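Per-entry structural report
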Amino acid sequence: MQDNQKPPVSSNAELQHEVAELMIECLNLEVTADQISADAPLYGEGLGLDSIDVLEVALMVSKRYGLQLRADSADNQHIFSSLRSLSDYIATQRSR
C-alpha cells in the first residue's frame, strides 16, 4: 500500500460510520454519525431524506467509492432504504 492511500475499511461497522459521516458532510446534516441508526429508514420518518438528498448522496458515494449508481435501477429503493443497506451495497460493489 502506498503512503498516500487510505487503508481499506476493515469492518462493516466502520464502513457504516464512514458512510454516515459522508452523508452528514454531503447534506450538511445537524446530527452525528452515531445518531444515525444503521437500520432506520433514510427516507421520510427515519433520517428524513428526500429524493434530491438521495441523489446527492448517490453522487458522493459514486465519486468516493467508484460505484455506478443508476437513477433508473430497480434496486435503488433497497440500496437506499437504510444506512446498513447502503453500506452493504458499497462493500460488495466498490472499486476504491
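Values in this document were obtained by computation on a predicted structure and should not be read as measured data. (Residues numbered from 1 in each chain as written. Predicted model: local features only at pLDDT ≥ 70, side-chain atom pairs only at ≥ 80, totals over all residues. Heavy atoms only, no water.)

1. Details of the packing of helix α1 (residues 12–27) against helix α2 (residues 51–65)
Where α1 meets α2, the closest approach of the two axes is 10 Å, and the angle between their N-to-C directions is 125°. The orientation of α1 relative to α2 falls into the category oblique. In this structure, α1 meets α2 at a crossing whose hand is right-handed. Listed contacts from α2 to L15, E18, V19, L22, M23, C26 and L27 of α1 are D53, E56, V57, M60, V61, R64 and Y65. (Axes fitted to C-alpha atoms, helices over the stretch in contact; angles between N-to-C directions. Helix = DSSP H or I, 4+ residues; strand = E, 2+ residues; numbered from the N terminus. Parallel < 35°, antiparallel > 145°, perpendicular 65-115°, else oblique. Left-handed = near helix turned anticlockwise from the far one by under 90°. Contact = heavy atoms within 4.5 Å.)

2. A few points about the nonpolar core
V61, Y65, F80, L86 and I90 are the most contacted members of the largest nonpolar core, which totals 24 residues. Listing elements by their share of this core, those giving two or more residues are α1, α2 and α4 (83–93). A per-element tally of this core places α1 first, with 8 residues. When residues no more than four places from it in sequence are discounted, the contact partners of F80 are L42, Y43, V54, V57, A58, L69 and L86. (Core = buried A, V, L, I, M, F, W, Y, C linked by side-chain atoms within 4.5 Å. Buried < 20%, exposed > 50% of the residue type's maximum accessible area, 1.4 Å probe, protein only.)

3. Topic: the packing of α1 against α4
Look at α1 against α4: their axes get within 9 Å of each other, and the N-to-C directions meet at 110°. The orientation of α1 with respect to α4, classified from their angle, is roughly perpendicular. Taken together, the residues of α4 that come into contact with α1 (itself represented by N12, L15, Q16, V19, A20 and M23) are L83, R84, L86, S87, D88, I90 and A91. A class-by-class count of the residues in the contact of α1 with α4 yields 8 nonpolar, 3 polar and 2 charged. (Nonpolar A, V, L, I, M, F, W, Y, C, P; charged D, E, K, R; others polar.)

4. Points about the side chain of S85
Positionally, S85 belongs in helix α4. Exposure remark for S85: the relative accessible area of 13% places this residue in the buried category. Among the polar contacts listed, one links the side chain of S85 to the side chain of S81, at a separation of 3.1 Å. In contact with S85, other than residues within four places in its own chain, are H78 and I79. (Polar contact = N/O pair within 3.5 Å; in protein donor to acceptor, adjacent residues only side chain to side chain.)

5. Remarks on α4
Within α4 the residues assigned to the buried category are L83, S85, L86, S87 and I90. Buried residues in α4 make contact with α1, α2 and α3 (76–79).

6. Digging into unusual backbone geometry
The general pattern is negative phi for most residues beyond glycine and trans for most peptide bonds. A positive phi angle, near 55°, is found at N28, a position not held by glycine. Along the chain, the position of N28 falls in the loop between α1 and α2.

7. With respect to α2
Here α2 spans 21 Å end to end across 15 residues, near enough to the 21 Å set by a 1.5 Å rise per residue. Turning to α2, its buried residues number three or more, namely D53, V54, V57, A58, V61, S62 and Y65. For α2, the elements touching its buried residues are α1 and α4. At the C-terminal side of α2, G66 shows a positive phi close to 70°. (Expected span 1.5 Å × (residues − 1).)

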